[in-house]
Amino acid sequence: MNHLTTAILSFLFIVFARLETVCAQEFKFAFLTDMHVYSDSTLGQVEHRLKSLPPAVELLLSGGDNVDIDNLKAADLSAGEKRLKSLKGLFDRVKKPYRMAIGNHDRLPRDMRNGSNDFELFEKTFGQTYFSFDHKGWRFIVLNSVETRDNHYVIGDKQLEWLQNLVKTTAKDQPLVIISHIPFLSVYYPVLEGRYTAADTFLNQKQVFDLFKEHNLKLVLQGHMHLYEEIKVKGVQFITAGAVSGNWWQGAFEDTAPGHLEVHVKGRDFSWKYVK
């Protein structure tokens, strides 16, 4: 490949990337995190919520902790796998595009993990644990934030390399959304317990956030805490979107009722509401 060909290809890449962002359109999507399906009745409540989504919602996103797997015994894993498949069936029947993030409770039980198969059942049902996709001019980046290092959640080296390459090939003005089960930022412990801790943010969150300094990161959607939070930093809106399961199906958790987030995108702007 000569220098002229390389230059032409580079120019075309930039042109097409710009065209995509210029065409950012209007659409609505729903973000449902922490469903914690562990029984037929909780599966039924998720089904009811999916059926209640307004027709204008055209894209569904999960924030992780979809089915409680990590607390099962080996003999009960088949039941957990069945619930995963049943949940997938519910989303399939909605007949709208959907993407699933992985949460810590979607992993295999602790005594079955060996560092290479922690996400086996999730991957078998829903596919990759980290990926990106584009929708109407916006780019969505779904992270696996439940990898671990030294007993802390982390974006692992292989995933980080993938993310760095993705950012390099993303137009700087394309509007971006990140989905991460474990929060980048949270005031959970200061508000509820009066102390600061890194226990429930992932270890290298600043390193990951800094990758987007020169890009158009608009929104970070988070789960895990079951608390509803809005934090805006450096022009980026962080939303920890409560939980579909509330206090794990026992009503509200610290005044956050069971619910999900609905986001209305208009071009490069957006608004949102928490639907109880």
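Residues numbered from 1 in each chain as written. Predicted model: local features only at pLDDT ≥ 70, side-chain atom pairs only at ≥ 80, totals over all residues. Heavy atoms only, no water.

1. A short note on the layout of surface pockets
Our working rule: A cavity here means a set of 1 Å grid points, computed over protein atoms only, where a 1.4 Å probe fits but cannot escape. A pocket is an open set with protein on both sides within 12 Å along at least 5 of 7 lines, and lining residues have an atom within 4 Å of a point. Grid points are joined across faces, edges and corners, and a volume is the space filled by probe spheres set on the points. Runs of E in the DSSP output that reach at least two residues are strands. Runs of H or I that reach at least four are helices, and both are numbered from the N terminus. Note that Gly is not counted as nonpolar here; it falls among the polar residues with everything else outside the nonpolar set of Ala, Val, Leu, Ile, Met, Phe, Trp, Tyr, Cys and Pro and the charged set of Asp, Glu, Lys and Arg.
Counted as a void, the largest pocket has a volume near 350 Å³. Forming the walls of the largest pocket are 15 residues, and the residues nearest its centre are Phe119, Thr129, Tyr130, Asn144 and Glu147. Listing elements by their share of the lining of the largest pocket, those giving two or more residues are strand E6 (147-149) and helix H5 (157-168). Broken down by element, the lining of the largest pocket gets its largest block of residues, three residues, from H5. Here the residues of the lining of the largest pocket sort into four nonpolar, seven polar and four charged. Put simply, the second largest pocket is a space of about 260 Å³.

2. Here's the deal with the packing of aromatic side chains
For any pair of aromatic rings, the description consists of the separation of the ring centres together with the inter-plane angle of the planes. Rules: Working definition: a ring pair exists when centres of Phe, Tyr or Trp rings (six-membered ring for Trp) sit within 6.5 Å. Plane angles under 30 degrees give stacked, over 60 give edge-to-face, the rest tilted. For the exposure calls, accessible area comes from a 1.4 Å probe over protein chains only, and a residue counts as buried if that area is under 20% of its type's maximum, exposed if over 50%, partly exposed in between. Look at NZ for Lys and CZ for Arg. If either is within 6 Å of the ring centre and within 35 degrees of the ring normal, a charge sits over the ring.
This model, assessed by the stated rule, comprises 15 aromatic pairs. Ring geometry for Phe91 and Tyr98: centres 5.2 Å apart, planes at 50°, overall tilted. Judged by centre distance (6.1 Å) and plane angle (55°), the rings of Phe184 and Phe238 are tilted. Here Phe184, found in the loop between strand E8 (175-180) and helix H6 (188-193), pairs with Phe238, found in strand E11 (residues 236-241); they are 54 residues apart in sequence, far enough to count as distant. Here Phe184 matches Phe238 in class, with each residue buried. Among the aromatic side chains, those forming a connected cluster through ring pairs are Phe27, Phe29, Phe133 and Phe140. One residue, Arg99, lies across the ring of Phe133, its end atom 4.4 Å from the ring centre.

3. So, the sheet that holds E11
For clarity, the cut-off: If DSSP finds at least two bridges between two strands, the strands pair. To get an axis, a line is fitted to the C-alpha atoms, and for a helix only the part in contact is used. The angle between two axes follows their N-to-C directions and goes from 0 to 180 degrees. We call two residues in contact whenever any of their non-hydrogen atoms come within 4.5 Å of each other.
One open sheet accounts for six strands, arranged E4-E5-E8-E9-E11-E10; its pairing is mixed. A strand with exactly one partner marks an edge of an open sheet, and here the two such strands are strand E4 (131-135) and strand E10 (228-233). Strand after strand, the sheet turns through a mean of 20° between neighbouring axes, direction not considered. The pairing of strand E5 (residues 138-142) with E8 spans four bridges and is parallel. Bridging from a neighbouring strand, Phe140 pairs with Val177 of E8. Contacting E4 and E5, H5 runs over the sheet at an angle of about 175° to E5.

4. Re the confidence of the model for the chain
As a reminder, the rule being used: One number per residue, pLDDT, summarises how confident the predictor is, and it ranges from 0 to 100.
Summing up the model confidence of the chain, the mean pLDDT is 93 and the portion of residues at 70 or higher is 92%. Confidence over residues 17-21 falls short of pLDDT 50; this stretch has 11 contacts with residues more than four positions distant or in other chains.

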